[in-house]
Amino acid sequence: MRGVRFIIAAVICTALAGSVAFASWYDDYDAGVNAIRKGQWQLAVQKMTAAIGGNPREGDKTRTYGAIFINYHPYYYRAVANMNLGKYEQAISDFEKTSGPGEENLGSLETLMQRAKAKLAEATEKPPVTETQKPPVVIATTTTQPPPVIPGPTIDNALRNRARTALEQAKTHIQAAQQRKATASPQYQSALNAYTEANTRLATAKSNDDLNAVIAASDNVTLLADSAAGSTIATTTTPPPITTTQSRTGSATQAALADTSRRLRRALESYFNGDFDDAARGFQSLTNDMPKNGWIWAFLGASQYSQYAFEADETYKNSALDSFRKAKTYGKWKDGLPEKYFSKKIRKAFRETTG
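Computed from a prediction, not measured in an experiment: that's the story for all the values here. (Residues numbered from 1 in each chain as written. Predicted model: local features only at pLDDT ≥ 70, side-chain atom pairs only at ≥ 80, totals over all residues. Heavy atoms only, no water.)

1. What about helix 3 (residues 74-84)?
Thought 1: In terms of burial, helix 3 is largely enclosed, as eleven of its eleven residues are buried.
Thought 2: Among all positions in helix 3, only Pro74, Tyr75, Tyr76, Tyr77, Arg78, Ala79, Val80, Ala81, Asn82, Met83 and Asn84 are buried.
Thought 3: The positive-phi residue at the C-terminal boundary of helix 3 is glycine 86, with phi of around 80°. (Buried < 20%, exposed > 50% of the residue type's maximum accessible area, 1.4 Å probe, protein only. Helix = DSSP H or I, 4+ residues; strand = E, 2+ residues; numbered from the N terminus.)

Printed below as a string of structure tokens:
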């Protein structure tokens, strides 16, 4: 009887182990897609590789278990991740194996393939030998020579220019997303955050590896900005009838605040359209009319922090933090700035502002 129990237990353990192994590939795929959304490229490569190991066949309607089907394209996402890591050969290999994007469309297969091949061609080009690159002629002397100085990391100026150009191109894609009113989408916010980090890294680059990272991050910004979908807001609510008293009160209020209301609306429109320079100027002028309005200071700080995201200029950041401090002084924020008006990065900066 004990031997029978042992055999039954072994069979059950084997079946459970087989079930876990069978289910793991689509869990890895889901984790890989989430990593792609967050720009965690190394993790995305690991998860997609694990998913491919469990199920190497792509499909628009791939069965996981029972009657559950998913849009399964691991080669596409692993290619995008490898391209952002600067592994262009691996990216091209995966692009040749995939039939296109899954549920998260980061660009057409043809466009991404061309971009990966162009990047590979740039990376494999050898710079021409110039006179300055020839080794110096060493003249032997009898004097005691000082110990050799180990040079620090050198930076290729041509590579720096490429990084700067890539970042400028990424900025134009962000501005295009602003023009189609996609600033509220998570892809736009991710693109803006990635652009800020890349801009800062370019300003502090100390090696060619840093510059290559800026180029890869700029490509990521472009992909995210291009995938940001615009939205339109339609209002169909019929306002309630206005009484005579309300009409007089409303008209008097409008007359008293006409200019201020018009300038506030214009500043808010600039802010939500992504025109942060105009928005900052508008809110700055409104602080003279409403110097103790916490909302005005909050929107001014958000506009200034967005300027900092584009320009990587600490002056904008310091101005934003000062505006946030005044917003906290004059306003009541139960749970910080509301999500519907302010991005995650701006809410975090506001929350961490002290003094």
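From this point, things continue past the structure.
2. So, empty space enclosed by the protein
Thought 1: One pass over the structure, following the stated rule, counts one cavity of 30 Å³ or more.
Thought 2: Taken as a whole, the largest cavity spans an internal volume of roughly 50 Å³.
Thought 3: Lining the largest cavity are Gln189, Leu192, Asn193, Thr196, Tyr305, Ser306, Ala309, Ser343, Lys345 and Ile346.
Thought 4: Top contributing element to the lining of the largest cavity by residue count: helix 7 (residues 186-203), with four residues.
Thought 5: For the lining of the largest cavity, the class distribution of residues is four nonpolar, five polar and one charged. (1 Å grid on protein atoms, 1.4 Å probe; cavity = no way out; pocket = protein on both sides within 12 Å on 5 of 7 lines; lining within 4 Å. Points joined across faces, edges and corners; volume = space filled by probe spheres on them. Nonpolar A, V, L, I, M, F, W, Y, C, P; charged D, E, K, R; others polar.)

3. Here's the deal with the environment of lysine 340
Thought 1: Mapped onto the elements, lysine 340 comes out in the loop between helix 12 (314-330) and helix 13 (344-352).
Thought 2: Remark: the alpha-carbon pair of lysine 340 and alanine 184, spanning 156 residues in sequence, is separated by 8.4 Å.

4. Points about a nonpolar patch on the surface
Thought 1: Taken together, Phe272, Trp295 and Tyr341 make up a surface patch of nonpolar side chains, about 280 Å² in accessible area.
Thought 2: With respect to the element layout, tyrosine 341 can be found in the loop between helix 12 and helix 13.
Thought 3: On the accessibility criterion, tyrosine 341 (32% relative accessible area) is partly exposed. (Patch = residues over 30% accessible without salt bridge, like charges linked within 9 Å, V, L, I, M, F, W, Y side chains within 5 Å. Areas by Shrake-Rupley, 256 points an atom, 1.4 Å probe, with all protein chains shown as cover. Salt bridge = Lys/Arg side-chain N within 4 Å of Asp/Glu carboxyl O.)

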